[in-house]
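Remarks on the overall topology
Each chain, letter by letter, is given below.
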Amino acid sequence: MKTSRLLAGLALATAIVSIAPATAQAATAQPQTGPAATGTTASQGAGPWGTYYAPGRRAKTKGSLTVSGEDHAVIPAAETGRISGKVYDLTRGPSCGWAVFRLTYRTPDGKNLPFKHRSIVDCSYGTPKSFTFTQHDLYQVELKVCSEAKASKPSLNCLYAGTWKVLYISK
């Protein structure tokens with residue numbers, strides 16, 4: 001019985017997340033800077049982003065985003081997106097700081113927009129972890145910052161609770 005309730009709750013959370021508008025990030029109490037906060041469109045705002053905090057300010061991240069070769073085909077996408085930055089663990093305990101990126105990209109046939117997650121974790125209080133990665137045929141970049149135990153991947157709570165911060169969307 002508990003398993004069926006858990007699965008029903010997870011299905012409901014997934015449905016809510018999939019229909020929540022990207023503009024829901026404006027309702028968060030976290031300070032925001034970068035393209036989404038300054039009122040410019042994200043496609044024009046390639047540059048610095050952040051600082052974004054995990055709930056309770058237990059972790060933070062900031063960095064920059066550079067896109068090149070925007071293609072305005074049927075589904076617009078940037079040829080290459082380069083995301084770099086730092087993740088900070090702000091706890092002295094067993095928790096770690098997580099920066100989780102949801103990267104939506106255009107498929108080679110140009111007809112679909114699947115996404116994948118890219119996670120960076122820092123468990124060393126006082127020493128931020130730097131990261132840099134690229135994504136080809138980039139349509140959208142979203143970010144979520146969490147503070148939780150070290151693991152091979154972020155928890156379902158980290159992925160599905162709260163809202164994603166939109167860092168870039170191709171137009």
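Refer to the structure printed above.
Bear in mind that the values here come from a model prediction, so they are computed numbers and not experimental data.

1. A word on the packing of aromatic side chains
- A complete count under the given rule lists five aromatic pairs for this structure.
- Ring centres of Trp49 and Tyr52 lie 6.4 Å apart, and the angle between their planes is 20 degrees; on these two criteria the pair is classed as stacked. Comparing Trp49 with Tyr52 shows no difference in burial state: the two are buried.
- For the pair Phe131 and Phe133, a centre-to-centre distance of 6.2 Å together with 25 degrees between the ring planes defines the contact as stacked. Accessibility assignment for this pair places Phe131 and Phe133 in one class, buried.
- One aromatic cluster in this structure is built from Trp49, Tyr52, Phe101, Phe131 and Phe133.
- Over the aromatic face of Tyr53 sits the side chain of Arg57, whose NZ or CZ is 4.1 Å from the ring centroid.
- A cation over an aromatic ring shows up here: Lys60 above the ring of Tyr88, its NZ or CZ 4.8 Å from the ring centre.

2. Description of the environment of Val100
- Its location among the elements puts Val100 in strand β4 (residues 95–105).
- With relative accessibility at 0%, the residue Val100 sits in the buried group.
- When the C-alpha atoms of Val100 and Lys144 are compared, they prove to be 5.2 Å apart, with 44 residues separating the residues in sequence.
- Beyond its immediate sequence surroundings of up to four residues, Val100 is in contact with His117, Arg118, Ser119, Glu142, Leu143, Lys144, Pro154, Cys158, Leu159 and Trp164.

3. A few points about the state of the cysteines
- Counted according to the given criterion, the structure contains two disulfides.
- The residue that forms a disulfide with Cys96 is Cys123, at a sulfur-sulfur distance of 1.8 Å. The chirality of the disulfide connecting Cys96 with Cys123 is right-handed, given an S-S dihedral of about 105 degrees. Here the residue Cys96 occupies a position in strand β4, and Cys123 occupies one in the loop between β5 (115–122) and β6 (129–149), the gap between them amounting to 27 residues.
- Accessibility expressed as a relative area gives 35% for Cys123, which makes it partly exposed.
- Paired through a disulfide, Cys146 and Cys158 show a sulfur-sulfur distance of 1.9 Å. The sign of the S-S torsion, about 90 degrees, decides the handedness of the disulfide formed by Cys146 and Cys158: right-handed. Of the two residues, Cys146 is situated in strand β6 and Cys158 in helix α3 (residues 156–160); the sequence distance between them amounts to twelve residues. Assigned by exposure class, Cys146 and Cys158 land together as buried.

Parameters and conventions
- Residues numbered from 1 in each chain as written.
- Predicted model: local features only at pLDDT ≥ 70, side-chain atom pairs only at ≥ 80, totals over all residues.
- Heavy atoms only, no water.
- Phe/Tyr/Trp six-rings, centres within 6.5 Å; stacked < 30°, edge-to-face > 60°.
- Buried < 20%, exposed > 50% of the residue type's maximum accessible area, 1.4 Å probe, protein only.
- Lys NZ or Arg CZ within 6 Å of the ring centre and 35° of its normal.
- Helix = DSSP H or I, 4+ residues; strand = E, 2+ residues; numbered from the N terminus.
- Contact = heavy atoms within 4.5 Å.
- Disulfide = S-S within 2.5 Å.

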